[in-house]
Amino acid sequence: MKVLLVDDEPFILQGLSVLIDWAAEGCEIVKMASNGKEALEIYEKEKPDIVMTDIKMPVMDGLELIRTLKEKNYPGEILVLSNYEDFDSVRSALLLGAADYLLKVKISPDTLLACLNKTTEKLQEKAGAKPVK
(Lines give C-alpha, C1' and ligand atoms only; values in the text may rest on other atoms or scores of the structure.)
Protein backbone atom coordinates (compact mmCIF):
# COMPACT_ATOMS: atom_id res chain seq x y z
CA MET A 1 0.00 0.00 0.00
CA LYS A 2 1.34 3.40 -1.00
CA VAL A 3 0.94 6.12 1.63
CA LEU A 4 1.09 9.91 1.18
CA LEU A 5 1.65 11.96 4.35
CA VAL A 6 0.42 15.58 4.32
CA ASP A 7 1.12 18.09 7.10
CA ASP A 8 2.57 21.59 7.23
CA GLU A 9 4.63 20.76 10.31
CA PRO A 10 7.87 18.98 9.27
CA PHE A 11 8.35 17.40 12.71
CA ILE A 12 4.91 15.75 12.44
CA LEU A 13 5.81 14.28 9.04
CA GLN A 14 9.15 13.08 10.34
CA GLY A 15 7.57 11.62 13.48
CA LEU A 16 4.93 9.73 11.52
CA SER A 17 7.51 8.35 9.12
CA VAL A 18 9.47 6.69 11.94
CA LEU A 19 6.67 5.91 14.42
CA ILE A 20 6.10 2.43 13.00
CA ASP A 21 7.82 0.01 10.64
CA TRP A 22 5.73 0.85 7.58
CA ALA A 23 7.31 -1.87 5.43
CA ALA A 24 6.48 -4.55 8.01
CA GLU A 25 2.84 -3.45 7.69
CA GLY A 26 2.92 -3.76 3.91
CA CYS A 27 3.04 -0.01 3.40
CA GLU A 28 5.45 2.42 1.80
CA ILE A 29 5.51 6.17 2.35
CA VAL A 30 5.82 7.30 -1.26
CA LYS A 31 6.03 11.03 -0.55
CA MET A 32 5.33 13.75 1.97
CA ALA A 33 3.62 17.06 1.27
CA SER A 34 3.29 20.27 3.26
CA ASN A 35 -0.12 21.33 1.92
CA GLY A 36 -3.08 20.08 -0.08
CA LYS A 37 -1.97 21.59 -3.39
CA GLU A 38 1.37 19.81 -3.16
CA ALA A 39 -0.44 16.61 -2.16
CA LEU A 40 -2.68 16.76 -5.25
CA GLU A 41 0.36 17.09 -7.52
CA ILE A 42 1.93 14.06 -5.83
CA TYR A 43 -1.38 12.14 -6.01
CA GLU A 44 -1.46 12.56 -9.80
CA LYS A 45 2.00 10.99 -10.13
CA GLU A 46 2.10 8.42 -7.33
CA LYS A 47 -1.55 7.29 -6.98
CA PRO A 48 -1.29 6.50 -3.24
CA ASP A 49 -3.70 4.03 -1.68
CA ILE A 50 -3.85 6.00 1.58
CA VAL A 51 -3.63 9.75 2.10
CA MET A 52 -3.00 10.81 5.69
CA THR A 53 -3.63 14.54 5.97
CA ASP A 54 -3.73 17.36 8.45
CA ILE A 55 -6.78 19.63 8.27
CA LYS A 56 -5.35 23.10 8.88
CA MET A 57 -2.58 23.93 6.41
CA PRO A 58 -1.62 26.91 4.26
CA VAL A 59 -2.26 27.13 0.49
CA MET A 60 -4.89 24.32 0.45
CA ASP A 61 -6.27 22.84 3.67
CA GLY A 62 -7.13 19.21 4.30
CA LEU A 63 -10.88 19.66 3.79
CA GLU A 64 -10.33 21.11 0.32
CA LEU A 65 -7.87 18.29 -0.42
CA ILE A 66 -10.46 15.67 0.60
CA ARG A 67 -13.18 17.42 -1.43
CA THR A 68 -10.93 17.57 -4.51
CA LEU A 69 -9.81 13.94 -4.19
CA LYS A 70 -13.44 12.83 -3.92
CA GLU A 71 -14.33 14.90 -7.02
CA LYS A 72 -11.54 13.01 -8.83
CA ASN A 73 -13.15 9.73 -7.66
CA TYR A 74 -10.13 8.87 -5.52
CA PRO A 75 -10.43 5.11 -4.90
CA GLY A 76 -8.20 5.02 -1.82
CA GLU A 77 -8.79 5.94 1.79
CA ILE A 78 -8.16 9.22 3.58
CA LEU A 79 -7.08 9.46 7.21
CA VAL A 80 -7.26 12.82 8.97
CA LEU A 81 -4.77 14.16 11.52
CA SER A 82 -6.22 16.68 13.93
CA ASN A 83 -5.90 18.56 17.17
CA TYR A 84 -8.60 18.58 19.84
CA GLU A 85 -9.86 22.02 18.82
CA ASP A 86 -10.52 20.81 15.27
CA PHE A 87 -13.65 18.79 16.13
CA ASP A 88 -15.93 20.61 13.68
CA SER A 89 -13.32 20.23 10.94
CA VAL A 90 -12.90 16.51 11.71
CA ARG A 91 -16.67 16.08 11.51
CA SER A 92 -16.67 17.86 8.14
CA ALA A 93 -13.80 15.65 6.94
CA LEU A 94 -15.69 12.50 7.88
CA LEU A 95 -18.83 13.78 6.14
CA LEU A 96 -16.72 14.44 3.01
CA GLY A 97 -15.59 10.82 3.04
CA ALA A 98 -12.50 10.52 5.23
CA ALA A 99 -12.24 6.99 6.64
CA ASP A 100 -10.95 7.84 10.11
CA TYR A 101 -9.03 10.38 12.15
CA LEU A 102 -6.12 10.45 14.55
CA LEU A 103 -5.57 13.02 17.28
CA LYS A 104 -2.04 14.35 16.92
CA VAL A 105 -1.49 14.49 20.68
CA LYS A 106 -2.51 10.85 21.11
CA ILE A 107 -0.74 9.24 18.17
CA SER A 108 1.26 6.27 19.38
CA PRO A 109 2.57 3.26 17.49
CA ASP A 110 -0.47 1.26 18.68
CA THR A 111 -3.09 3.83 17.64
CA LEU A 112 -1.43 4.36 14.25
CA LEU A 113 -1.18 0.61 13.65
CA ALA A 114 -4.82 0.04 14.59
CA CYS A 115 -6.00 2.78 12.25
CA LEU A 116 -3.69 1.64 9.46
CA ASN A 117 -4.74 -2.01 9.79
CA LYS A 118 -8.42 -1.08 9.69
CA THR A 119 -7.81 1.06 6.61
CA THR A 120 -5.74 -1.51 4.72
CA GLU A 121 -8.37 -4.19 5.44
CA LYS A 122 -11.05 -1.88 4.06
CA LEU A 123 -8.99 -1.28 0.90
CA GLN A 124 -8.38 -5.02 0.46
CA GLU A 125 -12.11 -5.70 0.84
CA LYS A 126 -12.85 -3.04 -1.79
CA ALA A 127 -10.37 -4.74 -4.11
CA GLY A 128 -11.99 -8.12 -3.45
CA ALA A 129 -8.95 -9.57 -1.69
CA LYS A 130 -8.89 -11.33 1.63
CA PRO A 131 -7.27 -9.31 4.44
CA VAL A 132 -3.69 -10.42 5.12
CA LYS A 133 -4.01 -10.15 8.90
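Note that the structure is predicted; figures quoted are calculated from it, not measured. (Residues numbered from 1 in each chain as written. Predicted model: local features only at pLDDT ≥ 70, side-chain atom pairs only at ≥ 80, totals over all residues. Heavy atoms only, no water.)

Q: Is there a simple way to explain the packing of aromatic side chains in this structure?
A: To describe a pair of aromatic rings, one takes the distance between the centres and the angle between the planes. Counted by the stated rule, this structure contains one aromatic pair. Arranged with centres 5.5 Å apart and planes meeting at 80°, the rings of Tyr43 and Tyr74 form a pair that is edge-to-face. Remark: Tyr74 occurs in the loop between helix H3 (62-71) and strand S4 (77-82) and Tyr43 occurs in helix H2 (residues 36-46); sequence separation between them is 31 residues. Assessed through its relative accessible area of 7%, Tyr43 is described here as buried. Overall, Tyr74 belongs to the buried group, its relative accessible area being 5%. Cation over ring: Lys47 sits above Tyr43, and NZ or CZ is 4.7 Å from the ring centre. (Phe/Tyr/Trp six-rings, centres within 6.5 Å; stacked < 30°, edge-to-face > 60°. Helix = DSSP H or I, 4+ residues; strand = E, 2+ residues; numbered from the N terminus. Buried < 20%, exposed > 50% of the residue type's maximum accessible area, 1.4 Å probe, protein only. Lys NZ or Arg CZ within 6 Å of the ring centre and 35° of its normal.)

Q: In this structure, what is going on with the packing of H2 against H3? I would like to understand it.
A: Each pair of packed helices gets described by two things: the angle between the helix axes and the distance between those axes. The interhelical angle for the contact between H2 and H3, taken along N-to-C directions, is 30°, at an axis separation of 9 Å. The angle between H2 and H3 falls in the class roughly parallel. In this structure, the crossing between H2 and H3 has a hand that is right-handed. Residues Gly36, Ala39, Leu40 and Tyr43 of H2 pack against Leu65, Thr68 and Leu69 of H3. Residue classes in the contact of H2 with H3 are distributed as five nonpolar, two polar and no charged. (Axes fitted to C-alpha atoms, helices over the stretch in contact; angles between N-to-C directions. Parallel < 35°, antiparallel > 145°, perpendicular 65-115°, else oblique. Left-handed = near helix turned anticlockwise from the far one by under 90°. Contact = heavy atoms within 4.5 Å. Nonpolar A, V, L, I, M, F, W, Y, C, P; charged D, E, K, R; others polar.)

Q: Please explain the pattern of salt bridges as it appears in this structure.
A: Two side chains bearing opposite charge may form a pair once their charged atoms approach each other closely. This model, assessed by the stated rule, comprises ten salt bridges. We note a salt bridge from Glu44 to Lys47, for which the minimum N-O separation is 3.6 Å. Residues Glu64 and Arg67 are paired through a salt bridge, measuring 2.7 Å at the closest nitrogen-oxygen approach. Of the two residues, Glu64 and Arg67 both sit in helix H3, three residues apart, roughly one turn of that helix. Counted as one network, the salt bridges with shared partners bring together Asp7, Glu9, Asp54 and Lys104. (Salt bridge = Lys/Arg side-chain N within 4 Å of Asp/Glu carboxyl O.)

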